[in-house]
Amino acid sequence: QRAAELEARLTDATAQAQRAAELEAQLSDATAQAQRAAELEVQLKDATAQAQRAAELEAQLKDATAQAQRAAELEAQLRDATAQAQRAAELEAQLTDASAQAQRAA
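Residues numbered from 1 in each chain as written. Predicted model: local features only at pLDDT ≥ 70, side-chain atom pairs only at ≥ 80, totals over all residues. Heavy atoms only, no water.

### Quick word on the overall build of the chain
Scanning the chain from terminus to terminus reveals 1 helix and 0 strands. Computed over C-alpha atoms, the radius of gyration of the chain comes to 45 Å, more than 25% over the 13 Å expected from 2.2 N^0.38 for 106 residues, which places it beyond the range of a compact globule. Overall, the chain is about 155 × 10 × 10 Å in size when its C-alpha atoms are taken along their principal axes. Expressed as a percentage of its 106 residues, the buried residues of the chain come to 0%. With the model as given, the accessible surface of the chain reaches about 9,500 Å², and the carbon-plus-sulfur share is 56%. Here the chain carries 11 positive and 18 negative side-chain charges, and the mean point of each set is 4 Å from the other. (Helix = DSSP H or I, 4+ residues; strand = E, 2+ residues; numbered from the N terminus. Rg over C-alpha atoms; globule rule 2.2 N^0.38 Å. Buried < 20%, exposed > 50% of the residue type's maximum accessible area, 1.4 Å probe, protein only. Areas by Shrake-Rupley, 256 points an atom, 1.4 Å probe, with all protein chains shown as cover. Lys, Arg positive; Asp, Glu negative; His and termini not counted. Charge placed at Lys NZ, Arg CZ, Asp CG, Glu CD.)

### As for the pattern of salt bridges
Applying the stated rule across the entire model yields 6 salt bridges. Its salt-bridge partner being Arg-36, residue Glu-39 comes within 3.6 Å of it at the nearest N-O pair. Separated by 3 residues within a single helix, Glu-39 and Arg-36 lie in helix H1 (residues 2-105), roughly one turn from each other. Looking at Glu-39, the relative accessible area reads 35%, which means it is partly exposed. Arg-53 is paired through a salt bridge with Glu-56; the nearest N and O atoms lie 3.6 Å apart. Within this pair, Arg-53 and its partner Glu-56 are both found in helix H1, separated by 3 residues, close to a single helical turn. In this structure Arg-53 comes out as partly exposed when scored by relative accessible area, which is 42%. (Salt bridge = Lys/Arg side-chain N within 4 Å of Asp/Glu carboxyl O.)

This is the structure we're talking about:
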């Protein structure tokens, strides 16, 4: 009788030890998953910051593109104004010559 009781207790203790080993393995897995989750959270934070920076740079690029467009327009206007000033100088020279000729003719 006593041997049977001890055997039963040994069986229970063995089952509990088995269960404890299974729980320890589950805890180890859960700890590894929590560690991985923390690493992924850091990566997500970094990726979010990079996406924010990319959006800021995209806005700056958009502004720079608009400024370059405006600069090209102003450069074209300056070329036109320079050509007009050149033409005005030529006409002024012709007017001076015509005035001189008229002066001589008079």
